[in-house]
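Listed below, chain by chain, are the residues.
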Amino acid sequence: MAKIMKLLGWAMIAVPMTAGLSEGATYYLDPSGSDSNNGLSQSAPWKTISKVSSKTFSPGDNILFKRGGVWKDGITMYLNGVGTINNPIIMSAYEVGDKPVISSILPITGWDVSANWTLYSGNIWKMAYPRNPNRLWLNNSEVLRASILADVGWVNRQGTLEQWFYDAVSSTLYIYATSNPAIQYSSIEGGNQGSSVFSIKNGAEYLTIDGIDFRGGSDFTTVFFGAASHITLKNSNIGYGRVGLAVTSSDLALTANNIIIENNTFDSGFNFFYGAASDKTNGESRGSEDAILLYDAVNNSIIRNNTFTGWGHTAVYIRGLDSAKDGSHDNKTHNNTFNGANLSYGRPISTDGLEGKSYNNEFYNNLFKNHQTRSQINGNNNWVHHNIFDGQTSSPVKAEGMAWGVGEAINLSVYGTNLVSHDNKIDNNLFMNTAEPAILLRSNGNINKVTNNYIRNNIFYNTGTNPINTWSKNNPGTAIAMEKTTEEFNNVFQNNCVFNPSKPLTNAINYYGTFLSMAQFDLKNGTNGNTIGGNIQMDPLFVDYLNKNYHLQLTSPCIDKGIAISGLTNDFNGNPIYVGAAPDVGAYEDPVTAAGNLAPVITSVPNATGTVATTLSYQITATNTPTSFSAAGLPAGLSVSAGGLISGTPTTAGTSNVTINAANAGGTGTATLALSVYSACDLNRDWATNVVDVQLQVNQALGVAACTSDLNRDGFCNVIDVQRAVNASLGGSCVLSP
């Protein structure tokens, strides 16, 4: 009892301290609110995004939009403020329902006034309009923009009506309609504002945007980040504009860095089939371009676990074309899904740059499905590994206008003066079902050549099936093509597997115009400075190709036939590399050796927790009967037994990434165990020992363990409310008011 009373004394002292430990204010927005409210409760929310833009927020502040709400204010929303690593500024949502929508898709001003429209010719009407709406919706359905005025009203070669055009020179909007558009249509909407929907300015730090639906935007971008750092965009929807998210800097001295883009849906909403213009000029740009554009000054950022659908230029474009800026480098794009099936032009990824301006960017564990335009991996020292490229056709935009295809999966190329393509690596990918050769090396006659690139450990299956390009169209079935000995040289081609079911023994490589089998290709080692060897032309023997199981059968010729590559640690599924005598060829490292002995696969949970001075126990488990276990990186006080039991009494608080291993005659299975050891006084395990932990101990002594009611009505049920309940039980006064 004396111990409890001592704790109660601490509690009485802690009451004002705990109440004063707020991590920031919480502001609410509701379309039915009022900007004259203080915004600090759901009962007194703000109304407009202009109110948010007018305020500079502090570390720990939350700005919450009501779910199901829609904001179409016609202005850019700015999130101003600088958070901290422990107290970021968070923009998110409250209540339940659909994500809150912030959109610039608005009625075209003056569209419903008949006198504003003039008949231009035939069934084409025109109206003066000050800005390009970029995309247009008639009666709530989007219609395709023509690439030239002459094509308005034309049903293109793909069967789609091209229904509008904007002339930026004369500021005129043209629409196809059988009568005056103000009479024929019930609504005409477009990207009716001259800037982004949402923007973060240069210098912002530690901001999180979570669970918002952004739509529309200007003729440039929906969401815009300046030279900010430690910005997280997650669990959100971005689309219905030209560029989904652009990250760049207008200040030559600044860069954007440590941007995290995760668990979002980037859906352009653009679903049209089209080709070149009627006069065969380029019809590429029709309103949807890049989902994410890292623009000349972005580094150390992560794009992961997102879904990309229907972007009409590049889903993820990392460029460094400004010699005065830092460049875009050391960015990672992984574990994303890309789909380009419902439009005529679009690639999944691209890097492009001047020397040292687009480099060390890494793409791995991504799934690329059904695109019509090749990815471009240029710049220098970029790395594409452990991805699956499945389905690549040639866009009619290029095929109709220029009589050449873009149906490769990857193009290593130089696209302009002073741009480069060297020391890029294409390793352990699976390329399937491409119209053109899966990889094309081509410098397009520019001064810089395609050199010192690496293509290793890839599987090419059913590639080059319907080539249009003159260098391959008479010899389908090729996996890799090089055009000229003076343009592409000193490259490395090692330990790749090529198989085309219709041409199992021929036409694997287009070697400067000569078509070779893989055996013939290996004999070219040393020619033109190229390193060639270890390549095979055999069926890789997938477990179940028809049902998209691309793991390797036990008898696959690709098992243990790869070359060891420094820096590769995990396969497409995250399994460790490598098992057996050598890495497997392709995207998967299957847990089997060529001899058929199954190596262990770690199955124990990947994380564990403990407390200083308290006994800890963790059992390593694995399949396939391990004969030995080991662990590296254990914190002080812990050890591992021969049977795989990690045990002991930890002596120091902290987090350790422990490498755990299980081995047998077939090889070694490896995994990482995230082991967190907390202080005995850190009851809430937030890596800080403070009055909150003291309060939790008091609450435990009083039998109060969890929050049951939002007493202060701030939208959260947390330790503050528990404290109020405790204080009330102790006879405290004024503890139930907000």
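Residues numbered from 1 in each chain as written. Predicted model: local features only at pLDDT ≥ 70, side-chain atom pairs only at ≥ 80, totals over all residues. Heavy atoms only, no water.

## A closer look at the overall build of the protein
To keep it simple, the criterion reads: Here a strand is any run of E in DSSP of at least two residues, a helix any run of H or I of at least four, and the numbering for each starts at the N terminus. The buried label applies to any residue whose accessible area, calculated with a 1.4 Å probe on protein chains only, is under 20% of its type's maximum; exposed applies above 50%, and partly exposed to all values in between. Only heavy atoms matter for contacts: two residues are in contact if any of them lie within 4.5 Å across the pair. Values of accessible area rely on a 1.4 Å probe in the Shrake-Rupley scheme; residue burial ignores everything except the protein chains shown.
Counting its regular elements, the protein contains seven helices and 67 strands. Taken over 738 residues, the protein has a buried fraction of 53%. In the protein, once contacts between residues fewer than 6 apart in sequence are set aside, the share between residues at least 24 apart is 69%. Carbon and sulfur atoms provide 51% of the accessible area of the protein, an area that totals close to 28,500 Å².

## Side note on the nonpolar core
Nonpolar side chains in soluble globular proteins generally cluster together in the buried interior. Test applied: Joining through side-chain atoms within 4.5 Å is the link that ties buried Ala, Val, Leu, Ile, Met, Phe, Trp, Tyr and Cys residues into a set, and such a set is a nonpolar core.
Core analysis: the biggest nonpolar cluster contains 78 residues, and Phe65, Ile209, Phe214, Phe225 and Ile439 have the highest contact counts within it. The dominant element in this core, judged by the number of residues it contributes, is strand E32 (residues 314-320), at three residues. Residues Ile108, Trp117, Val143 and Trp164 belong to the second largest nonpolar core, which totals 17 residues.

## A few points about the pattern of salt bridges
Pairing of side chains with opposite charge becomes possible as their charged atoms draw close. The cut-off we apply is this: Salt bridges are counted wherever a side-chain nitrogen of Lys or Arg sits within 4 Å of a carboxyl oxygen of Asp or Glu.
Throughout the structure, instances matching the rule amount to 14 salt bridges. Residues Arg304 and Glu262 are paired through a salt bridge, measuring 2.8 Å at the closest nitrogen-oxygen approach. One end of the pair, Arg304, is in strand E30 (residues 302-304); the other, Glu262, is in strand E26 (residues 260-262), with 42 residues separating them in the sequence. What makes Arg304 partly exposed here is its relative accessible area of 22%. A salt bridge links Asp427 to Arg456, with the shortest nitrogen-to-oxygen separation between them at 2.8 Å. With Asp427 in strand E46 (residues 425-427) and Arg456 in strand E50 (residues 454-456), the pair connects residues that are 29 residues apart, well separated along the chain.

## Observations concerning the side chain of Asp352
Our working definition: Just so you know, the count uses Lys and Arg for positive and Asp and Glu for negative, and it drops His and the chain ends.
Mapped onto the elements of the fold, Asp352 is located in strand E36 (residues 347-353). Buried Asp352, no salt bridge; nearest opposite-charge side chain is Arg319, N-O distance 7.8 Å. Residue contacts for Asp352: discarding those within four places in its chain leaves Tyr317, Ile318, Arg319, Gly320, Leu321, Ser358, Asn378, Gly379, Tyr415 and Leu419.

## So, the environment of His371
To be explicit about the condition: In protein, a polar contact requires one atom able to donate a hydrogen and another able to accept it; more generally it is a pair of N or O atoms within 3.5 Å, and residues adjacent in sequence count only if both atoms are side-chain atoms.
In this structure, His371 sits in strand E39 (residues 367-371). Judged by relative accessible area, His371 falls into the buried class, the value being 5%. For the pair formed by His371 and Gly346, sequence separation is 25 residues and the distance between their alpha carbons is 6.2 Å. A distance of 3.1 Å separates the side chain of His371 from the backbone oxygen of Lys369, its partner in a polar contact.

## Focus on the environment of Asn664
Inspection of the secondary structure puts Asn664 in strand E66 (residues 654-664). Using a relative accessible area of 15% as the deciding quantity, one classes Asn664 as buried. Taking the C-alpha atoms as reference points, Asn664 and Ala599, separated by 65 residues in sequence, lie 6.3 Å from one another. When sequence neighbours within four positions are dropped, the list of residues in contact with Asn664 reads Leu598, Ala599, Pro600, Asn624, Thr625, Pro626 and Thr627. Among the polar contacts listed, one links the side chain of Asn664 to the backbone oxygen of Asn624, at a separation of 2.8 Å.

## Looking at the packing of aromatic side chains
Applied cut-off: Here a Phe, Tyr or Trp ring, Trp counted by its six-membered ring, pairs with any other such ring whose centre lies within 6.5 Å, and the pair is stacked when the planes are under 30 degrees apart, edge-to-face when over 60, and tilted otherwise.
The full count for this structure, using the stated rule, is 24 aromatic pairs. Each ring, one from Phe65 and one from Trp71, has its centre 5.0 Å from the other, and the planes form 90 degrees; the classification is edge-to-face. A residue is classified by how much of its surface remains accessible, and Phe65, at 0% relative accessible area, is buried. Between Phe368 and Phe389, the ring centres sit 4.5 Å apart and the planes meet at 35 degrees, which makes this aromatic pair tilted. One end of the pair, Phe368, is in strand E39; the other, Phe389, is in strand E43 (residues 388-392), with 21 residues separating them in the sequence.

## A word on the confidence of the model for the protein
Operational definition: Per-residue confidence from the predictor is reported as pLDDT, which spans 0 to 100.
Summary statistics for the protein give a mean pLDDT of 89 and a share of 89% for residues scoring 70 or more. For the stretch residues 1-22, pLDDT sits under 50, and the model shows 20 contacts to residues farther than four places along the chain or on other chains.

## Some words on the environment of Asn382
Positionally, Asn382 belongs in the loop between strand E41 (379-380) and strand E42 (383-385). The spacing of Asn382 and Ser358 is 24 residues in sequence and 7.9 Å in space, taken between C-alpha atoms. Among all residues touching Asn382, those that are not within four sequence positions of it are Thr351, Ser358, Tyr359, Asn360, Asn361, Ile377, Asp423, Asn424 and Lys425. Polar contacts involving the side chain of Asn382 include one to the side chain of Thr351, which spans 3.5 Å. Only 2.9 Å separates the side chain of Asn382 from the backbone nitrogen of Asn361, close enough to count as a polar contact.

## Concerning the sheet that holds strand E4 (residues 70-71)
Operational definition: Any two strands with at least two DSSP-identified bridges between them are counted as paired.
Within the open sheet, the 12 strands sit side by side as E4-E8-E20-E23-E27-E31-E35-E39-E43-E47-E51-E55. Their pairing is parallel. What marks the edges here is a single partner per strand, and that holds for E4 and strand E55 (497-499). Two strands pair when backbone bridges link them, and strand E47 (residues 430-434) and strand E51 (residues 459-461) are joined in this way by three bridges, in the parallel orientation. Its bridge partner lying in E51, Leu430 is registered against Ile459.

## Some points on the pairing of strand E67 (residues 667-678)
Two strands pair when backbone bridges link them, and strand E61 (residues 607-611) and E67 are joined in this way by five bridges, in the parallel orientation. Across the sheet, residue Gly610 finds its bridge partner in E67, namely Val677. Where E66 meets E67, 11 bridges bridge the pair, whose relative direction is antiparallel. Bridge pairing in E67 places Ala663 opposite Thr668.

## Regarding unusual backbone geometry
Backbone torsion omega between Ile577 and Tyr578 reads 0 degrees, so that peptide bond is classified as cis. If you trace the backbone, Tyr578 turns up in the loop between strand E60 (549-552) and E61. A positive phi is found at Asn258, a non-glycine position, where the angle reads about 55 degrees. Tracing the sequence through the fold places Asn258 in the loop between strand E25 (256-257) and E26.

## Quick notes on the sheet that holds strand E62 (residues 616-619)
The condition that has to hold: Each axis is a line fitted through C-alpha atoms, taken for helices only over the stretch in contact, and angles between the N-to-C directions span 0 to 180 degrees.
The antiparallel open sheet is built from three strands, whose spatial order is E62-E65-E64. The open sheet is flanked by E62 and strand E64 (638-640), the only strands paired with a single partner. Averaged over all pairs of adjacent strands, the angle between their axes in this sheet comes to 15 degrees, without regard to strand direction. Both E62 and strand E65 (residues 645-648) contribute to a ladder of four bridges, which runs antiparallel. Within the sheet, the bridge partner assigned to Tyr618 lies in E65 and is Ile646.

## Observations concerning the state of the cysteines
Rules: Cysteine sulfur atoms that pair up within 2.5 Å are treated as a disulfide.
If you walk through the whole model with that rule in mind, you get zero disulfides. Here Cys558 is not cross-linked by a disulfide; its sulfur's nearest cysteine counterpart is in Cys497, at 3.6 Å. Judged by relative accessible area, which is 0%, Cys558 ranks as buried.

## Some thoughts on the side chain of Ser92
With respect to the secondary-structure elements, Ser92 resides in strand E7 (residues 89-94). Judged by its relative accessible area of 15%, Ser92 falls in the buried class. In contact with Ser92, not counting residues within four places along its chain, are Ile63, Leu64, Phe65, Asp210 and Ile212.

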